[in-house]
Each structure stands twice: as structure tokens, then as C-alpha cells.
Amino acid sequence: MKPILQRYSVHLLLILCGGIITYLAYEEAIGLYTLSVLMFMGVNVILSTSLNLVNGNMGEFSCGHAGFMCVGAYVSSILGVLLFAKDKVFGVPLLDPGLALYCFPLIILAGGLAAAVAGLLVALPSYKTRGDYLAIITIAANYIIISLVENLGVIGGSRGFMGMKKVVNAMNDTIDLPWMVIWVFIFTVLTVWLLRRYNSSTFGKGVSAICQDEVAAEIMSVNTNKVKTITFMLSSGLAGVAGGLFAYIIGYVNPGSFNILKSTEVLVMVYLGGMASLSGAVMSAMFFTVLLELLRPLQIIKWVVIPLLLIIVMQFRPEGIMGNRELSDIFPKLKRFYRFK
Amino acid sequence: MLEIIIQNLINALQWGSFYALIALGYTMVYGVLVLINFAHGDVFMVGAYIAFFVATFILSVLGLPGWIALGLTIPLTMILTAMVGVSLERIAYRPLRRKGAHRLYVVITALMCGLILEHGNLALLGASRKAFPPLIVEHVYTIGGVTFTNLKVAVIVTAILSFFILQWIVTKTKVGMAMRAISYDKFAVPLMGIPIDSIIVITFALGSSFAGLAGILFAMSYPVLEPYMGALIGWKAFIAAVVGGIGDIRGAFLGGFLLGAVEILVVAVFPSTYRDLIAFSVLLIILSIKPTGLFGIAKTTKI
Amino acid sequence: MIMQTPTTSSPSAPVLEIRGLTQRFGGLTALSDFSVTLGHNRLAGLIGPNGAGKTTVFNLVSGFYQPTEGEILVNGQATAGLKPHKVTTLGVARTFQNIRLWNQMTVLDNIRVAQHGKLDYGFLQAVLRTKGYFKCEERIEEEAHELLKIFDLDKFADEFPTNLPYGLQRKLEIVRALSEKPQLLLLDEPAAGLNSVDVQELIRLIQWIHDSFEVTIWMIEHHMDVMMQLCDEIKVIDFGQTIAEGTAEHVRNHPAVISAYLGDDNI
């Protein structure tokens, strides 16, 4: 048995980290801008780790992650506003806004669930073939979802949907804490924790078996269709969770923010980190968020510099920064504290 | 009633011509390299811009009449766009292939190249839209209630001609045979003394030059250019290529025309905001019924 | 030593029964009217020239293809319409002509993942780490270690298969198939690519597996000496047709077999 402190060191570190950020946010020691960058970092970590599950571990090529994010964002936004905020479309709140705080995780999860169902619908036709067909289907799904939202006048169409700030304010009225920071932190940690557990179970290792040799996997008793469905639903569901958080952080959603460029951003994070590397996905998401913010002054040139940087990185490390290794493979001493696999 | 159908058919053929010409580049590169060249839509955009500069130069600096300008613009644009496509291959894709990178990393690189072309253009030329100079005088003909212009007919005829030329190249010439050989077995081909890299360059050159051609035709038909014009059309053309059966020239053309027809039909019946929604849904339905595409052959897994 | 746990099966039914199996790919008849019955604990062979349809038989039995005609019964149960992973859980395991190990997974994980059909937990338990999850994982890991130890592979448990010599990769693939606890083990050219020393070891290995695991082994092989030494019954097919069957000695001298392999000498 490892010493207790060593065993729980990562947990302690995370709690400490979360606590400090919350405290600083509460004391308004860090500005709103920095805070929002930190929150986007969390959202991006969820996005990149969840896409990594499909594109890295399963070896498929899904490129419409933002579409699922859109589903999650809209479902949890509408649900939240419908239940806890006064809105000109939905009228008076259905429940006491004081409950918003306690129901918020459920609202986010509902968004994730809706996105998972959307993922199921997308995954079903992709079974018959392998390879790049999932790419086409997900691109098309991304466009379909956005186009669908744009044509739904009830929820604002292409003008977007707002009112989520009221829900956030309702939470803050109940207990005065920077709730969004806390929720984003919790959901980010939960996502990585969940994915690590999934990947390290025999059940989840079937995913990499499918990636490496699908025929062998099926014949060695892996129910490939079932594993693929669950994996894809998990991935799109988590994208939905990220979408929900994203919507509440900004307080406003419009379909344009979930276009194919957003999907491309997530793809970049995954491949920059290295396929099938969970720690790589986490780190590259954080790095990428900071990079985007640092390059903001460049305005439009930013989108020339970032792809160029990525192309150069690819030329030197054609397997991404981490390859398919984990942080604990590169620094074996970390294994004493935490195993990523 | 009949004239409405014919009218829409002509519109669909014209609109589909662009998709077909772009889908072709996707399909050829995919057939040879199994690479989704996501930059291809932006190569089309670059083609349109090249056409704009070449045509403006010839018209205003050299002061030549429109028909000579058109005659010079087409080959020049095709050559210059081909050079853009080939340089992407040489600078970005080939080194990665040599290093044995995972296939999807090359795809991501392609995606990045597309972004660079788009935003590089935006940064260089600014967000203002460019108006394409008229090269030929548009005549409107009306036969029995059906209206069409000489330009529309030219677009359709050019697309169909391109199809026959490419089909001939791929099926009848030595280069085409080498292309098909590479798509079957990349490892045996160099052993047969076929210069694999030159064939790949030719493939990119052909695909890009026809994207350039599509660029000219598009710019002449809809004479407003903007940096993002290639992105959406490119994605759609790619899906059209897949629906036709990726790797097959006939499939690309059929898919392109099919997508054109669906979109024109949707716009004729529904509000135009539904265009993407319904077009993509139809393509998805076709794909789920026939996952290999219309002309695609199912690859059997060998144990 | 005996790890066999006979699953629900009528003891009288043969392990494998194939009746009138025909497989057509488009216009090509890869296999026509093929029948065979394999009882418990047999060691049988299937031979024939290249392209005779041998692997097609295995692909049909393991559920990878659905037969055009005919039926396949495993332990008396029809496999028609079952997906390969279902057929595997009925008691059929196989190896492949070209080794198909999961190369980016450790040797131990290769065995563990092969237990997918016997997991008694699902996604939620895997994520929540319930008691059942730990119990199941522990059992799988223990059994995998035990099996690797039996075959002297336990020292490579944390290695990747690509780092093993070719002969050991072949062996590992057989062990992985055995970890499914099959009643019928299909070996598709297990000696392909092995040198003569390795081949002798393989013969001993197969014989030993057959003796100690009470498993029916059906193998495809081109090395005639392997077949002659191991199999008590051999079937010969050519162009999808069964041309001879019987003991090794009988098959070896059968005129149809000689002509199929060497061509007709009465030209």
C-alpha cells in the first residue's frame, strides 16, 4: 500500500487548485478576463479529451464536435431559462429560482444527454463502413444541427438565445460564490476522471482494440458495434456538457459559434496533443486556449499564425506533442502519484 | 409547368457544375493518396482570386478586349492554381508522408493549409469584397418560357467537357493508369518503376487546375469574391464526392450535379434558409442507404 | 491444468457440424456443398492449394461471413445470423493467417481484451468502479496471468507484441484464442513464416494444447509434415470442392490430392 498522502496527492492538489481559483475569483483578485480564459480552458479540456476518445483512442475521424456542443448548449440553455428565469418567450420561471443552484448540474447533464442522443443518431449510419465516412457524416451533422437551430425562430434562430445570465445570477443570489468557475472546474475534473476510468477498464480497452484491428476485436468477442456506440455517445455527450457550460459562461449562444471552425479548433487540440493521449489532450487544450488569447492582438492574422505553427509542429513531431504516450510514460516517477492508463 | 422544370434543371446543372468541378479534385487526390484534401475548397477560392487578378490585369493594364482576356485568363488561372495546389503538396503534405505520419495528421495539415489560405487572403486583401470584371457580354435567351444565358450554357458545357477529358486521362492514359495503380497498392507501384511522387504531383496539378477553372466560372457567374467563398462550397463538394463514391471521377460528377439539383429544388420549394439543412440531410440519407456512394465499390476486408 | 469449463451444450452434439455449406462472392463460388462433423477433442486438418477456399470455411465458421447456403452448428446450436463476437462466446476461437495481435497493447492487455465477451459489468460500472467491476477485473487479470504462465509468456506480460520474436507472436495469438476457453479452436496456418526449429516446437505446442485443454482443434496448414504428425483426420478441398478426406496416410496417397497439388501428369 502506498502512503495515504501519496495516494491522494492528486486529489488534494486538485481540491487545493480549485479552492484557490474559487477564492481568488471570490475576492475578485483575478480579473473577469483571466477568469473567463480559465473557464474556457476547462471547456476546451472537456472538448479535446472527449474528441480524443473517438479520434485518438478509437481511430475514427469525427470532425463535427461543435455540432454536439451546439445541441448541449441549446438544450441546457433553454432548460435553464425555462425553469429558472423570466423570459419574454417562455414567460415566468416554472420553478423557484432559488433551486437553480441545485439543479444546475442536472441541467448541464440534460444537455449532455441530448447531445449523446444526437451522437447516437449520427453514429448509427456509420457502422456499415469504416474509415472516413464518419468524417463526412459528422461534418454534415454539424451543418444540419446549425442550420436546424438557425431555422427555429422560437429559440432565436440565427440571432441567438440569451437569458442564461439570469440563471447564473439566481445561483449567486442563493449562495454568493463564483458558481460558474466552480461548476466548470468540477465538470472538467469529472470528465478527465471519467475518461481515464473508461480507458483503463477492460471494457474501454476494447476501444483501442477496435482502433488497432477491428476484425480481430470482433472475433475476439468484442461487441464492436456496442462499444463504438457507447464510445461515440460518451464523446458527443461530453461535448454537450462542454456546450452547456460554454453557454452559461458567455450567457448567450448563437448557432454561428458552433460552426465548423469551432470543430476545427477542437481537432487541432486533439492532434496537437497526440492521438490517444489523455494527458496530451488536456495539456494541448490548456496550451491552445492560452495561445489563442495571447495572439488575440493579431486579430485576423491570428488564424494565419496558428495553423502555420501547427503545420511546423507537425513537421517536427508528426505524431503530436505527446505521441500516443501519457505524461506518466515520459516521467515514470509520476506513476507513484497518478496513472493515466 | 414543363418550362419551370426545364428552367430549374438548367439552373441545377449550372449550380452543380461548380460542385462537380471541385468534387473532382477531392476525388482524385483521395483516390491516389487516401487523403481528404480539406484545403481544396480554398484552392478553388484562390483560383477565383487569381482569375480576378489576371483578368483585371489583362483588361485594364494591357487593355485587351474581353474575349482575348477570357482566352488568356482560363489557361493562366488554371496553371497558377495548379501551382498553388502542387506547392501545398510539396511544402506541407509530402514531408509528412515521408516521415510516415499518421494519415489523419496529413488531413489536419490540409485543414490548416485551408485556414491559412482563407485568412491569409483576408489579411492581405482585406475584408472588402472584390467585384469580378465582366469578360463576356451576357446574352439572355428565352425559348418557350425558359430563360438562360450564354454564360450558363458555357458553364455546363465546360463542366461536361472537363468530365470527358478527365475520364479519358484516368482511364486511357499511362498517367491515369499509374494513378489507379497507386490507389490499389501504394507499395508495389514504386517497384514497378512508376515515379510515385511525380504521379502525385500530376494528380494535385490536375485537381487544382480544375478547381481554378471552377473558380473562373464561378466568378463570372456570381461576380462577387470573398475569402470564405471556398469553405462552404468545398465542404459540400467533398460530401458530393463521397455521395458519388469517392475515388471515382464519374461519382464526383454525378454527386456534384445531384447536390446542385437538390439545392435548386429546395430553394424552389422552401425558404432559402432551409437549403443547407435539407441538402445535407438528403446526402446523409443517400449515404446511409448506400454507404459506399453511388459509384463506390465496397472494399472487402480480407482476413 | 485443465481450464476448460464446458458451457451449456448437449453432450451428444458434435462440437462442429457443417451441412452443405456454400459461399458465393458475386459470380465466384468460393465454397460449394461443404460438410464436416467434428466430435469432441478431435484434431483435424483442412488442406488444399492456394485459393481453394480454406480460409473461407474458417471465416464462415467464425461468423465473419454469412453463408449463401447450408448451415453451421456449434455444439448443436445454429450460428446463422450471429455476429462473430456471439459465435466466439458459443465456444469458437481462431487465429489468423497474418498475425492479428493488437500491437499497441501489452501482451497482458491482449489477453484481457479478449475476455470482452465474459465481462459481467457494463459502461456504468466501469466508470463508477463498483465492487462487481473490481471482482471481474481481478478475475480476468488473474486468469490472464495464469494462462501466460502456463505458456511461459508471463515474463513478456508488459511487453508490446511487436517486440516479441515472430514465433512467440504466433504462440501469443494461439494463447489469446485459447483464453476464450473455446471448445473449437481454429488455427489458420499457424506454421506460416516459422523456421524448421520453430515448426517442431509448434507441433509439440499444438499437441500439448490438444491433450491438456480438451479442445477440438481444426487447422489449415501448408506444411505437410505438421499435418501428418498432428491430425487424425484431414479434409482436402480444391476450388471450393471437397476432393478427399480421411486419415493423413489415406489423403497423402489420394490421386485427386496429388493432381490438385502437382497438376495432372497425364498431359
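Residues numbered from 1 in each chain as written. Chains lettered and ligands numbered in written order. Predicted model: local features only at pLDDT ≥ 70, side-chain atom pairs only at ≥ 80, totals over all residues.

Draft legend 1. Expanded view of the overall build of chain A. Looking only at helices and strands, chain A features 15 helices and 2 strands. Taken over C-alpha atoms, the radius of gyration comes to 20 Å for chain A, in line with the 20 Å a tight globule of 341 residues would show. With the principal axes as the frame, chain A shows a C-alpha extent of 55 × 50 × 45 Å. The buried share among the 341 residues of chain A stands at 53%. Counting only contacts in chain A whose residues sit at least 6 apart along the sequence, the fraction spanning at least 24 positions is 79%. (Helix = DSSP H or I, 4+ residues; strand = E, 2+ residues; numbered from the N terminus. Rg over C-alpha atoms; globule rule 2.2 N^0.38 Å. Buried ≥ 20, exposed ≤ 12 C-beta atoms within 10 Å, placed from the backbone. Contact = placed C-beta atoms within 7 Å.)

Draft legend 2. Looking closely at the overall build of chain C. When helices and strands are tallied, chain C shows 10 helices and 10 strands. Here chain C has a C-alpha radius of gyration of 19 Å; the compact-globule value for 267 residues is 18 Å, and the two agree. On the principal axes, the C-alpha backbone points of chain C span a range of 70 × 40 × 35 Å. Counting over 267 residues, chain C shows a buried share of 43%. The contacts in chain C between residues at least 6 apart in sequence include a share of 65% that link residues at least 24 apart.

Draft legend 3. Layout of the interface of chain B and chain A. Contacts between chain B and chain A engage 36 residues on the former and 36 residues on the latter. Among the elements that line the side of chain B that touches chain A, the one with the most residues is helix α4 (residues 103-125) of chain B, at 12 residues. When its residues are assigned to classes, the side of chain B that touches chain A shows 25 nonpolar, 9 polar and 2 charged. (Nonpolar A, V, L, I, M, F, W, Y, C, P; charged D, E, K, R; others polar.)

Draft legend 4. Representation of the interface of chain C and chain A within the structure. Contacts between chain C and chain A engage 28 residues on the former and 23 residues on the latter. Among the elements that line the side of chain C that touches chain A, the one with the most residues is helix α2 (residues 84-89) of chain C, at 4 residues. Looking at the side of chain C that touches chain A, its residues break down into 11 nonpolar, 9 polar and 8 charged.

Draft legend 5. Structural context of the packing of helix α3 (residues 32-57) of chain A against helix α11 (residues 224-250) of chain A. All names here are of chain A. Their axes nearest at 8 Å, the elements α3 and α11 cross at an angle of 165°. With respect to α11, the axis of α3 lies roughly antiparallel. In the packing of α3 onto α11, the handedness of the crossing is left-handed. Side by side, α3 and α11 meet where Ser-36, Met-39, Val-43, Ile-46, Leu-47, Ser-50, Leu-51, Leu-53 and Val-54 of the first sit next to Thr-231, Phe-232, Leu-234, Ser-235, Leu-238, Ala-239, Val-241, Ala-242, Leu-245, Phe-246 and Ile-249 of the second. Taken together, the residues of the contact of α3 with α11 sort by class into 16 nonpolar, 4 polar and no charged. (Axes fitted to C-alpha atoms, helices over the stretch in contact; angles between N-to-C directions. Parallel < 35°, antiparallel > 145°, perpendicular 65-115°, else oblique. Left-handed = near helix turned anticlockwise from the far one by under 90°.)

Draft legend 6. Main features of helix α6 (residues 166-178) of chain C. All names here are of chain C. Taking 1.5 Å per residue, 13 residues should reach 18 Å; α6 reaches 19 Å between its end C-alpha atoms and fits that length. If you check which residues of α6 are buried, you get Arg-170, Lys-171, Leu-172, Glu-173, Ile-174, Val-175, Arg-176, Ala-177 and Leu-178. Summarising the contacts, the buried residues of α6 are in contact with β6 (92-94), α3 (107-113), α5 (131-150), β7 (184-188) and α7 (196-213). (Expected span 1.5 Å × (residues − 1).)

Draft legend 7. Focus on the environment of Met112(B). Within the secondary structure, Met112(B) sits in helix α4. Overall, Met112(B) belongs to the buried group, with 26 C-beta atoms counted inside 10 Å. Spatially, the C-alpha atoms of Met112(B) and Ala39(B) are 7.6 Å apart, while their sequence positions differ by 73 residues. In this structure, Met112(B) is in contact with Pro307(A), Leu310(A) and Ile311(A), ignoring residues within four places of it in sequence.

Draft legend 8. View of the sheet that holds strand β4 (residues 69-74) of chain C. Residue and element names in this part refer to chain C. Across the sheet, 4 strands lie side by side as β2-β1-β4-β5; this open sheet has antiparallel pairing. In this open sheet, the two strands that pair with only one neighbour each are β2 (28-38) and β5 (77-78). Where strand β1 (residues 16-25) meets β4, 5 bridges bridge the pair, whose relative direction is antiparallel. Bridge pairing links Arg-19 to Glu-71 in β4. (Pairing = 2+ DSSP bridges.)

Draft legend 9. Representation of the nonpolar core within the structure. Core analysis: the biggest nonpolar cluster contains 285 residues, and Ala140(A), Leu245(A) and Ile22(B) have the highest contact counts within it. Broken down by element, this core gets its largest block of residues, 16 residues, from helix α1 (residues 2-33) of chain B. Every residue in contact with Leu245(A), bar those within four places of it in the chain, is listed here: Val43(A), Ile108(A), Trp183(A), Val184(A) and Phe187(A). (Core = buried A, V, L, I, M, F, W, Y, C linked by C-beta atoms within 7 Å.)

Draft legend 10. Expanded view of helix α8 (residues 196-221) of chain B. An ideal rise of 1.5 Å per residue puts 38 Å on 26 residues; α8(B) measures up with 38 Å between its terminal C-alpha atoms. Burial analysis of α8(B) places 20 of its 26 residues in the buried class, which makes it a mostly covered element.

Draft legend 11. Structural view of unusual backbone geometry. All names here are of chain C. Unusually for a residue other than glycine, Asn-75 sits at a positive phi of about 50°. With respect to the helices and strands, the residue Asn-75 is situated in the loop between β4 and β5. Asn-75 gets classed as buried once you count the C-beta atoms within 10 Å, which come to 22. Despite not being glycine, Phe-239 shows a phi value in the positive range, around 50°. Relative to the helices and strands, Phe-239 is located in the loop between β9 (233-238) and β10 (241-246). Judged by the 15 C-beta atoms lying within 10 Å of it, Phe-239 is partly exposed.

Draft legend 12. Focus on the packing of helix α10 (residues 249-269) of chain B against helix α11 (residues 275-289) of chain B. All names here are of chain B. For the pair α10 and α11, the least separation of the axes is 9 Å and the interaxial angle reads 140°. Judged by the inter-axis angle, α10 sits oblique to α11. With respect to the hand of their crossing, α10 and α11 are arranged in right-handed fashion. Contacts between α10 and α11 pair Leu-259, Val-262, Glu-263, Val-266 and Val-267 from the former with Arg-275, Ile-278, Ala-279, Val-282 and Leu-283 from the latter. Residues belonging to the contact of α10 with α11 are distributed by class as follows: 8 nonpolar, no polar and 2 charged.

Draft legend 13. Seen up close, the sheet that holds β9(C). All names here are of chain C. An order of β6-β7-β8-β3-β9-β10 is seen for the 6 strands of this open sheet, with the pairing classed as mixed. Edge positions in the open sheet fall to β6 and β10, since each of these has one partner strand only. Pairs of neighbouring strands in the sheet enclose a mean axial angle of 20°, with direction left out of account. The pairing of β6 with β7 spans 3 bridges and is parallel. Note that in β7 the partner of Arg-94 across the bridge is Leu-186. Those strands touched by helix α1 (residues 54-61) are β3 (43-47), β6, β7, β8 (216-220) and β9, and its axis lies near 145° from that of β7.

Draft legend 14. How the structure looks around the pairing of β3(C). Residues and elements named next belong to chain C. Of all the 5 residues making up β3, 5 are buried; the element is thus mostly covered by neighbouring parts of the structure. Side-chain alternation along β3 places Leu-43, Gly-45 and Ile-47 on one buried face and Ala-44 and Leu-46 on a second face that is also buried. Pairing of β3 with β8 involves 4 bridges; the strand directions are parallel. Its bridge partner being in β8, Leu-46 is matched across the sheet by Ile-220. Inspection of the sheet shows β3 paired to β9 by 4 bridges, in the parallel sense. Opposite Leu-46, over in β9, you have Lys-235 as the bridge partner.

Draft legend 15. Highlighting the confidence of the model for chain C. All names here are of chain C. Across chain C, pLDDT averages 88, with 94% of residues at or above 70. Note that residues 1-9 has pLDDT below 50 and, in this model, 14 contacts with residues that lie over four places away or in other chains. Interface predicted TM-score (ipTM) for the complex: 0.88; the corresponding pTM is 0.90. (pLDDT = per-residue confidence, 0-100.)

Draft legend 16. Representation of the environment of Gly296(B) within the structure. Residues and elements named next belong to chain B. With respect to the helices, strands and loops of the structure, Gly-296 is situated in the segment after α11. Measuring from C-alpha to C-alpha, the distance between Gly-296 and Gly-247 comes to 7.5 Å, with 49 residues separating the pair along the chain. Beyond its immediate sequence surroundings of up to four residues, Gly-296 is in contact with Gly-245, Ile-246, Asp-248 and Gly-251.

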